[in-house]
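Each chain, written out:
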Amino acid sequence: MDAKLSPEQGLNISGIALASLLAVGLGTTAFFLDWMANRLPWQAASLTLPLLLSALASGVMGYLVIPLLQALKTGQIIREDGPQAHLKKAGTPTMGGIFFIPVAVILACILSNFATEVLAVSALTISYGLIGWLDDWQILRRKSNKGISPRMKLALQVSFALMFCLWLMFNQPFNITNIALPWVSFTLPLGFLFWPLAGFVLVAESNATNLTDGIDGLAGGTVAIALLALAALIAPTAPGLMIFCAALSGGCLGFLAHNRNPARVFMGDTGSLALGGALAAVALLTNSLVALFILSGIFFVETLSVMAQVSYYKATKGPDGKGKRLFKMAPLHHHLELTGWSELQVVGVFYIIAAILAVISLAIAPF
């Protein structure tokens with residue numbers, strides 16, 4: 001999208017400046033948190049090195065892969081009922097997740113010395129990425145906004161979630177079913193109920209992240225913030241998964257070098273489903289579900305906006321088969337656009353909210 005912000009839009013900043021501020025902010029935060037925890041930032045078991053290596057590698061890989069995506073004519077199909085400004089984005093390559101997700105996962109595995117838990121969450125991440133790739137490919141093949149059927153997508157998500165839960169069941173301590181509450185010295189014993197919850201979290205988190213991916217730089221930046229915060233939270237007890245989260249956060253930053261406004265590539269379901277699955281898998285493995293809920297506040301609200309829109313439309317449906325809309329368009333970021341916000345305003349505000357949620361999650365952590 002080549003449109004420039006006008007002064008009266010209230011946010012006089014370019015896409016590259018916003019992405020640069022985020023990158024500098026996360027890099028500085030990673031260095032500071034390493035210093036506070038007496039970790040050497042240039043060692044593998046840190047936040048800084050995996051973040052920076054992955055950001056650099058993913059950014060470079062984008063310059064190699066994006067021309068190939070353009071040559072393969074993987075242009076995004078834009079919804080005609082969406083914000084009219086988005087119609088200019090038609091033809092922008094999608095499936096960007098195919099270059100930054102594998103790069104981050106491979107780096108995480110190497111830097112963690114192929115730790116078992118890192119291999120497990122990497123497998124789940126790649127599996128969900130494959131579901132997204134299949135959906136993206138069908139959209140491109142059919143030249144419409146419809147990929148694989150919702151039922152097929154859900155079945156695949158549930159199947160991979162079930163396999164991950166089975167691995168958890170047989171490879172993790174029995175007390176994994178006890179949910180830690182960070183603000184009190186108490187755990188909530190769920191017993192068997194933990195497993196349906198675990199499957200729901202994996203599917204819901206991946207879909208929520210997917211819904212947030214609709215504006216240049218939005219999902220990549222907010223997920224990068226959430227991943228780095230989660231990495232800091234689990235660092236004392238799960239250094240391997242700390243490396244994984246930091247590397248994936250860096251991968252998002254490398255992707256933003258190409259996805260910031262105006263975007264040269266979109267991550268597609270290939271990237272968004274993988275990122276959501278990664279967040280959920282790490283949280284389940286490290287007993288960080290409460291922290292995940294806080295960090296996923298934006299994704300949660302985006303999902304609620306879609307659910308509320310659909311429910312209200314059905315509830316107000318008249319004899320003509322048409323209902324009323326609660327929002328101008330769902331998810332929430334599109335509603336904000338249609339009420340006059342620019343893309344950069346939405347992204348900037350969402351970044352700030354994501355950062356606040358990250359600070360809250362770190363503040364209540366029992367370090």
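Residues numbered from 1 in each chain as written. Predicted model: local features only at pLDDT ≥ 70, side-chain atom pairs only at ≥ 80, totals over all residues. Heavy atoms only, no water.

Trainee: Honestly, the nonpolar core in this entry has me stumped. Any pointers?
Mentor: Generally speaking, soluble globular proteins have nonpolar side chains that are buried together. Ranked by internal contacts, the top residues of the largest apolar core, which has 103 residues, are Leu47, Phe164, Leu202, Phe244 and Leu275. In terms of residue count, helix 7 (residues 218-234) provides more of this core than any other element does, 14 residues in total. With residues up to four places along the chain from it excluded, the contact list for phenylalanine 164 reads Ala120, Val121, Leu124, Leu202, Ala281 and Leu284. (Core = buried A, V, L, I, M, F, W, Y, C linked by side-chain atoms within 4.5 Å. Buried < 20%, exposed > 50% of the residue type's maximum accessible area, 1.4 Å probe, protein only. Helix = DSSP H or I, 4+ residues; strand = E, 2+ residues; numbered from the N terminus. Contact = heavy atoms within 4.5 Å.)

Trainee: Whenever I open this one, a nonpolar patch on the surface confuses me. Can you help?
Mentor: Among the surface-exposed residues, Phe293, Phe300, Val301, Leu304 and Met307 lie close enough to one another that they form a single nonpolar patch of about 470 Å² accessible area. Within the secondary structure, phenylalanine 300 is located in helix 11 (residues 297-315). (Patch = residues over 30% accessible without salt bridge, like charges linked within 9 Å, V, L, I, M, F, W, Y side chains within 5 Å. Areas by Shrake-Rupley, 256 points an atom, 1.4 Å probe, with all protein chains shown as cover. Salt bridge = Lys/Arg side-chain N within 4 Å of Asp/Glu carboxyl O.)

Trainee: How should the packing of helix 4 (residues 116-142) against helix 5 (residues 150-171) be read in this particular structure?
Mentor: Geometry of a packed helix pair, given as the angle between the helix axes and the separation of the axes. Look at helix 4 against helix 5: their axes get within 10 Å of each other, and the N-to-C directions meet at 175 degrees. On the basis of the axis angle, helix 4 is roughly antiparallel to helix 5. Contacts between helix 4 and helix 5 involve Thr116, Glu117, Ala120, Val121, Leu124, Ser127, Tyr128, Ile131, Leu134 and Asp135 on the former and, on the latter, Lys153, Leu156, Gln157, Phe160, Ala161, Phe164 and Trp167. Each residue belonging to the contact of helix 4 with helix 5 can be placed in one class, and the counts come to 11 nonpolar, 3 polar and 3 charged. (Axes fitted to C-alpha atoms, helices over the stretch in contact; angles between N-to-C directions. Parallel < 35°, antiparallel > 145°, perpendicular 65-115°, else oblique. Nonpolar A, V, L, I, M, F, W, Y, C, P; charged D, E, K, R; others polar.)

Trainee: How should I be thinking about helix 1 (residues 15-36) in this particular structure?
Mentor: Since there are 3.6 residues in each turn of an α-helix, residues three or four apart along the chain are aligned in direction. Taking 1.5 Å of rise per residue, the 22 residues of helix 1 would be expected to cover 32 Å, and the 31 Å separating its terminal C-alpha atoms lies within 8% of that figure. Burial in helix 1 covers these residues: Gly15, Leu18, Ala19, Leu22, Leu26, Gly27, Ala30, Leu33 and Asp34. Looking down the long axis of helix 1, one finds its buried residues gathered within 160 degrees of arc, a one-sided arrangement. Helix 1 presents Leu21, Val24, Trp35 and Met36 as exposed residues on the side facing more than 90 degrees away from its buried surface. Looking at the packing, one finds that the buried side of helix 1 touches helix 2 (48-71), helix 7, helix 8 (239-259) and helix 13 (343-363). After helix 1 finishes, the residue asparagine 38 shows a positive phi value of roughly 60 degrees. (Expected span 1.5 Å × (residues − 1). Arc of directions from axis to C-beta.)

Trainee: Teacher, can you tell me more about empty space enclosed by the protein here?
Mentor: The rolling of a water-molecule-sized probe over the atoms marks out the regions of remaining empty space. One pass over the full model with this rule turns up 1 cavity of 30 Å³ or more. By volume, the largest cavity amounts to about 50 Å³. Lining the largest cavity are Gly15, Leu18, Ala19, Asp216, Gly217, Leu256, Arg260, Asn261, Leu344, Val347 and Tyr351. Mapped by element, the contributors of at least two residues to the lining of the largest cavity are helix 1 and helix 13. Here the lining of the largest cavity is built from residues that sort into 6 nonpolar, 3 polar and 2 charged. (1 Å grid on protein atoms, 1.4 Å probe; cavity = no way out; pocket = protein on both sides within 12 Å on 5 of 7 lines; lining within 4 Å. Points joined across faces, edges and corners; volume = space filled by probe spheres on them.)

Trainee: Just checking my understanding: could you explain the environment of arginine 151 for this structure?
Mentor: In this fold, arginine 151 is placed in helix 5. For the pair formed by arginine 151 and leucine 292, sequence separation is 141 residues and the distance between their alpha carbons is 26 Å.

Trainee: Just checking my understanding: could you explain unusual backbone geometry for this structure?
Mentor: Trans peptide bonds make up the majority, and among non-glycine residues the majority have a negative phi. Look at the link from asparagine 261 to proline 262: it is a cis peptide, with omega at -5 degrees. Mapped onto the secondary structure, proline 262 falls in the loop between helix 8 and helix 9 (268-285). Following alanine 330, the chain continues into proline 331 via a peptide bond in cis, with omega recorded as 0 degrees. Mapped onto the elements of the fold, proline 331 is located in the loop between helix 11 and helix 12 (332-338). The phi torsion at asparagine 38 lies on the positive side, around 60 degrees, for a residue other than glycine. Checked against the element boundaries, asparagine 38 lands in the loop between helix 1 and helix 2. When its relative accessible area of 74% is taken as the criterion, asparagine 38 is described as exposed. Even without being a glycine, phenylalanine 114 presents a positive backbone phi close to 55 degrees. Among the structural elements, phenylalanine 114 can be located in the loop between helix 3 (97-111) and helix 4.

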